[in-house]
Amino acid sequence: MDLGAKIYIAGHRGLVGSAILRELQAKGYTNLVYRTSAELDLRKFDDVVKFFTAEKIDYVFMAAAKVGGIVANNEYPADFIRDNLLIQTNVIDAAYKSGVTKLLFLGSTCIYPKLAPQPLKEEYLLTGELEATNEPYAIAKIAGIKMCQSYNRQYGTRYISVMPTNLYGPNDNFDLESSHVMPALMRKIYEAKVNQSPQVEIWGTGTPKREFLHADDLAKACLFLMNNYESNDIINVGVGEDISIKELAETIQRVVGYDGELLFNTTKPDGTPRKLVDVTKISNLGWKAEIELEAGIRSAYQWFIEHHVAVAK
Ligand SMILES: NC(=O)C1=CN([C@@H]2O[C@H](COP(=O)(O)OP(=O)(O)OC[C@H]3O[C@@H](n4cnc5c(N)ncnc54)[C@H](OP(=O)(O)O)[C@@H]3O)[C@@H](O)[C@H]2O)C=CC1
Ligand SMILES: C[C@H]1O[C@H](OP(=O)(O)OP(=O)(O)OC[C@H]2O[C@@H](n3cnc4c(=O)[nH]c(N)nc43)[C@H](O)[C@@H]2O)[C@@H](O)[C@@H](O)C1=O
């Protein structure tokens, strides 16, 4: 991408989109376009086509999606499959119709089979049953991958599909009903400390393992891949290490400074037992994550205190 190329960051206020926007600005890209969902609802095809036609966009980072944690996915499956299919179909098709040079689509590691061998290699896509709690969302993501690949084959486009592991960082969603585990535990453990509660509730058994990548690392990977990756095949982005939810909670307890008891609520779902990604492919291209987990949690927690707690006062 030339520094003056016109770049659209879809979902620029979200966890991933805001990190991509910061990274593009830091690298000197100047011709950046973005819209909030109130300004441009990507579920509305005619509006999306009008936007792409008027803006003459060169590159698209596709970080707009209906996103949520395990319980939100489980309780609102229709919203997750419908909104994601609409958003990604409209953006991919409008990008093609308006002659976009290159597009980066973001999937997720939930596209891999629930019980696939670990670490998850890219070739395991569509080799087994998906995890039930997020199957509709995963099916939408798989449709997005197939749509990019099909447009590349039929129309000669350059659309790449990137599969990040679980993410965290600034502008994450801290709503306890709809968030992922990392922001949820930061908030719950912070509130338990402030309220001097002897216990804090953790969903599930605490035994599932997850891998956590800081959104700033993902943003760097996205720019790297936009500039260096052309294949039709999907590519994983992760750190190559995972920890149990119990270990995650203990790490957050250390960061927050709270030594109460962890109470595991086993009426809540565990989800997939493990989803560690194989990062051999991106490592061989010369990219690796830089932010160590506890340091990343410290900085994300600091962001939470400054933007949520301070604002609420
Ligand atoms: N968070 C994670 O752990 C992971 C995320 N991913 C993927 O990364 C991508 C970004 O996720 P993340 O940043 O976490 O999500 P967020 O929920 O933080 O942000 C999503 C963004 O999408 C925009 N958006 C949602 N609906 C619409 C709509 N109808 N029209 C226009 N814009 C819309 C929102 O815009 P606005 O703010 O203006 O409303 C928001 O900024 C997604 O594709 C997700 O699947 C993959 C793996 C893990
Ligand atoms: C990125 C990925 O994110 C989702 O999958 P997930 O990894 O299962 O999501 P999660 O972060 O919400 O949970 C991870 C683990 O953590 C446990 N857990 C404990 N306590 C809390 C808690 O308080 N909140 C949440 N949300 N989880 C908790 C929870 O029970 C589970 O065992 C997909 O739906 C899909 O969106 C997707 O692709």
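Fair warning: this is a prediction, and the values are worked out from it, not measured in the lab.

1. Details of the sheet that holds strand 4 (residues 102–106)
Taking strand neighbours across the sheet as the criterion, the 6 strands line up as 2-1-3-4-5-10 in an open arrangement whose pairing is parallel. Two strands in the sheet have a free side with no partner beyond their single neighbour: strand 2 (32–33) and strand 10 (235–237). Alignment of strand 3 (residues 59–62) against strand 4, held across 4 bridges, turns out to be parallel. By the bridge assignment for strand 4, Val 60 is matched with Leu 103.

2. A short note on the UniProt feature "binding site: substrate" (unreviewed entry) in the chain
UniProt records the feature "binding site: substrate" (unreviewed entry) at Lys 188, Trp 203, Arg 210 and Asp 270, using the numbering of this structure. Considering the arrangement of structural elements, one finds Trp 203 in strand 7 (residues 199–203). Setting aside chain neighbours within four positions, we find Trp 203 in contact with Ile 70, Val 71, Leu 176, Glu 177, Lys 188, Asn 265 and Lys 268. Of note is the side chain of Trp 203, whose polar atom sits 3.2 Å from the side chain of Glu 201. Residue placement: Asp 270 occurs in the loop between strand 12 (261–265) and helix 9 (280–285).

3. Remarks on the side chain of Lys 141
Tracing the chain through its elements places Lys 141 in helix 5 (residues 135–155). At 12 Å, Asp 83 is the nearest oppositely charged side chain to Lys 141, a buried residue that forms no salt bridge. A distance of 3.0 Å separates a polar side-chain atom of Lys 141 from the backbone oxygen of Leu 106. Those residues in contact with Lys 141 that lie beyond four places of it in its chain are Ala 65, Gln 88, Phe 105, Leu 106, Gly 107 and Ile 111.

Each value, and the rule that gives it
Residues numbered from 1 in each chain as written. Chains lettered and ligands numbered in written order. Predicted model: local features only at pLDDT ≥ 70, side-chain atom pairs only at ≥ 80, totals over all residues. Heavy atoms only, no water. Pairing = 2+ DSSP bridges. Helix = DSSP H or I, 4+ residues; strand = E, 2+ residues; numbered from the N terminus. UniProt positions renumbered as here; feature names shortened; annotations may be inferred. Contact = heavy atoms within 4.5 Å. Polar contact = N/O pair within 3.5 Å; in protein donor to acceptor, adjacent residues only side chain to side chain. Buried < 20%, exposed > 50% of the residue type's maximum accessible area, 1.4 Å probe, protein only. Lys, Arg positive; Asp, Glu negative; His and termini not counted. Salt bridge = Lys/Arg side-chain N within 4 Å of Asp/Glu carboxyl O.

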